[in-house]
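# A structural walkthrough
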Amino acid sequence: MSNTLEQQITEYHLWRDQLAGAIGEYRDWLDSTGAADALVDLRLFDMTESVRNDRLVLAFVAEFARGKTETINALFFSDFKQRLLPCDAGRTTMCPTEIFWDPNEEPYIKLLPIETRKNDDSLVLLKKTPNAWSRVRLDVNSGTAMKEALNVLVEQKKVPLEEARKLGLWNDEDISMVQSLKTSGMVDVPVWRHAMINYPHPLLKSGLVILDTPGLNTLGTEPELTINIIPNAHAVVFLLATDTGVTKSDMEIWTSFIRGRASRKLAVLNKIDMLWDDLKTEDEIQAAIQMQVATTARQLSLPAADVFAISAQKALLAKVRGDAALLKRSGIEKVETVLASGVVATKHEILRNTIVIDVGNMVKGSRKAIQGRITGTRAQLQELASLRGKNRETIQGLLSKVAEDRKIYEESVRTFTRGNQKIAQLGEALMQQLSVQHLDQILENSRKAIGDSWTTHGLNLGMRGLVKQINEMAERISQQGLEIKEIGDELYKLFHLKHGFEERVPPTLDMTPLVQSMTALLKTTDEFCNDPVNVMTEKHFLIRKFFFSLVAQARNQFEITQHDTNIWLKGLLAPLKLQINDHKAQLDKRTESLMKIHENMETLQQNITEVESRYAQLQSEGAQLDQILLKLVKISQQAAHKKPQAGTATSE
Ligand SMILES: Nc1nc2c(ncn2[C@@H]2O[C@H](COP(=O)(O)OP(=O)(O)OP(=O)(O)O)[C@@H](O)[C@H]2O)c(=O)[nH]1
Ligand SMILES: [Mg+2]
């Protein structure tokens, strides 16, 4: 294998480890300086988890028999020197198949029985329900055993028409189904609904997840693929074949499932070996391939540079035989390179724009807090130094001054406590709206609006009602968020003006991501309801499934909003609280040492020495933070160098 993809992913893996390492150092710093608190700890834990579990999903989507599975074999499984995943003429892959590596488990294939389609549980939920799956161990030391085990992916069984209907799989426009019913009185359906393969390939170990899908029929019957899985993939590889050209159903898949939905996509024109005509010159063959690339690009409205001509079959053969010339001719290496630079760069960018920036801000916050302590300690040192040679009366004067300061300060702290309580109260009311109970109630309302007939009309009504309720709630929460923030703003202002604290305006609670995702759900619903196929034949089963997929998506977004709002709420006064405590500690220390000196002038030097040592300690803590910040800057710069290049993969 030309290792560009492998190299890039390994580099990415290293980068990710560095990032996790920097976050770990910051956590250690917080622990060792006693600055850790539960909220900060939780956030950092979340971040480390998402960096560690970070996955890079690459979905292969196309009509059946275009060579998706063969391409996956050629790209990722040639080491076994044979064709590992089953591919054949006609419909082969029977269920969406995820291939990944989870080091906490032995290699396995997990299969979800097709019968699970009869209830409304989402795939997301089923994935968290181990009992729902049938599990087979994978013997990764034997290619033959692997190949045999993997054959389950194409298993089918015959069921009576009524059962096929109950499973929502009967389609009277599907010629092969109709044919099979005629000849055998039964209908062929897949045995499995979804497959998960845990396999220790180096690329998968680095967090790559491959998703192989069956053709149009299944895409249509599993709305979760359309609503959830494909849009969440980091890149979609769309395949076409030279022998079929761009057919009507290819076009349907492209427009309905990929064009506006996938964030990054790659079109691959497969089976170019069918144009390798021995009676033609190489130039003539190349011209024929280029012509088909140009036609494909035009039909998909893509630049020709974004359509890759390959022969997956010859690529696999070349790798099995170690035939470099054939490998080059197969064109697969270009796809590997583009996947490497495009997909990996995207992932880099996502982490850089979220976690690197977030943790950077937290470290900067800590740095500011330390700086505040350094400044306070320096002032204390100066005060102590100025006492050299002074009498007790001067110290008495200073003590009264500190007592005065403390009185004013305590008054402000009382104002803070009142404001903090008010915020906690308002915050609780706000969070209640984001509770699961409230969401369930909203969902129940929309479920009722649809009624039991499951028509597109009902679906439309139900979804509009759902989105309206959530948007109204978002509007209400934004308003309440502003009221809460106003109290926060006043408190920050008070401490800034009266006690010289840093001027700071906390962030506004932002509900736009929730509203935006609701708009996207409505768009998906509209597209579904306006699709003539779904309007003409009232596919009740599909509509029901579609609705529950939308609900799963809404629930997911709701949970994210709940989590983010909670963090916003808890973080609103956190920096101020920290500074208030610091300031109080400073006042205490000042009083304490002044009192000691007042009692016994001899202790002045000892006091100065103590404060000096604290000062040095704080400076060293600050320097450690500077080191961590520097690391984060470097990590961020490394990611920035890997920006996707134009023309490598199309993104929207
Ligand atoms: N000539 C030629 N045949 C190919 C090539 N790639 C795949 N095929 C053949 O095309 C058929 C379909 O390939 P698959 O990989 O099973 O296609 P798929 O897109 O996964 O199809 P489904 O799983 O049914 O959705 C098989 O018989 C492959 O051997 C290629 O590059 N050249
Ligand atoms: Mg396949």
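Everything below is about the structure shown above.
## Observations concerning the overall build of the chain
- Tallying secondary structure elements over the chain gives 23 helices and 12 strands in all.
- Projected onto its principal axes, the C-alpha positions of the chain cover 110 × 60 × 45 Å.
- Taking all 652 residues of the chain together, 49% fall into the buried category.
- Surface accessibility of the chain: about 30,800 Å² in total, with carbon and sulfur atoms responsible for 54%.
- Each charge class in the chain can be summarised by its mean position, and for the 80 positive and 84 negative side chains these summaries are 2 Å apart.

## Remarks on the site of ligand 1
- The local shell around ligand 1 holds 24 residues, among which Ala65, Cys87, Thr92, Thr93 and Asp273 are the closest.
- In this structure, an oxygen atom belonging to ligand 1 sits 2.7 Å away from a side-chain N or O atom of Thr93.
- Between ligand 1 and Asp273 there is a distance of 2.6 Å, counted from a nitrogen atom to a side-chain nitrogen or oxygen.
- About the coverage of ligand 1: the protein hides 92% of its 650 Å² of free accessible area.
- Listed by contribution, the elements that provide at least two residues to the shell around ligand 1 are helix H3 (68–76) and helix H13 (312–321).
- Here the element with the most residues in the shell around ligand 1 is H3; it accounts for 3 residues.

## Things to note about the packing of helix H17 (residues 436–450) against helix H18 (residues 456–499)
- Close contact between H17 and H18 brings their axes to 7 Å; oriented N to C, the two are set at 150°. Taken together, the axis directions place H17 and H18 in an arrangement best described as roughly antiparallel. For the element pair H17 and H18, the recorded crossing hand is right-handed. Counted together, His438, Ile442, Leu443, Asn445, Ser446, Ala449 and Ile450 of H17 and Gly458, Leu459, Gly462, Leu466, Gln469, Ile470, Met473 and Arg476 of H18 form the full contact between these two elements.
- Of the residues contributing to the contact of H17 with H18, the split by class is 8 nonpolar, 6 polar and 1 charged.

## Overview of empty space enclosed by the protein
- If you walk through the whole model with that rule in mind, you get 4 cavities of 30 Å³ or more.
- Taken as a whole, the largest cavity spans an internal volume of roughly 70 Å³.
- The dominant element in the lining of the largest cavity, judged by the number of residues it contributes, is helix H21 (residues 540–571), at 4 residues.
- Of the residues contributing to the lining of the largest cavity, the split by class is 1 nonpolar, 2 polar and 7 charged.
- Together, Thr69, Leu85, Pro86, Thr93, Thr97, Ile99, Leu153, Val154 and Asp212 line the second largest cavity.

Reading the values: the criteria
Residues numbered from 1 in each chain as written. Chains lettered and ligands numbered in written order. Predicted model: local features only at pLDDT ≥ 70, side-chain atom pairs only at ≥ 80, totals over all residues. Heavy atoms only, no water. Helix = DSSP H or I, 4+ residues; strand = E, 2+ residues; numbered from the N terminus. Buried < 20%, exposed > 50% of the residue type's maximum accessible area, 1.4 Å probe, protein only. Areas by Shrake-Rupley, 256 points an atom, 1.4 Å probe, with all protein chains shown as cover. Lys, Arg positive; Asp, Glu negative; His and termini not counted. Charge placed at Lys NZ, Arg CZ, Asp CG, Glu CD. Near = heavy atom within 4 Å. Polar contact = N/O pair within 3.5 Å; in protein donor to acceptor, adjacent residues only side chain to side chain. Axes fitted to C-alpha atoms, helices over the stretch in contact; angles between N-to-C directions. Parallel < 35°, antiparallel > 145°, perpendicular 65-115°, else oblique. Left-handed = near helix turned anticlockwise from the far one by under 90°. Contact = heavy atoms within 4.5 Å. Nonpolar A, V, L, I, M, F, W, Y, C, P; charged D, E, K, R; others polar. 1 Å grid on protein atoms, 1.4 Å probe; cavity = no way out; pocket = protein on both sides within 12 Å on 5 of 7 lines; lining within 4 Å. Points joined across faces, edges and corners; volume = space filled by probe spheres on them.

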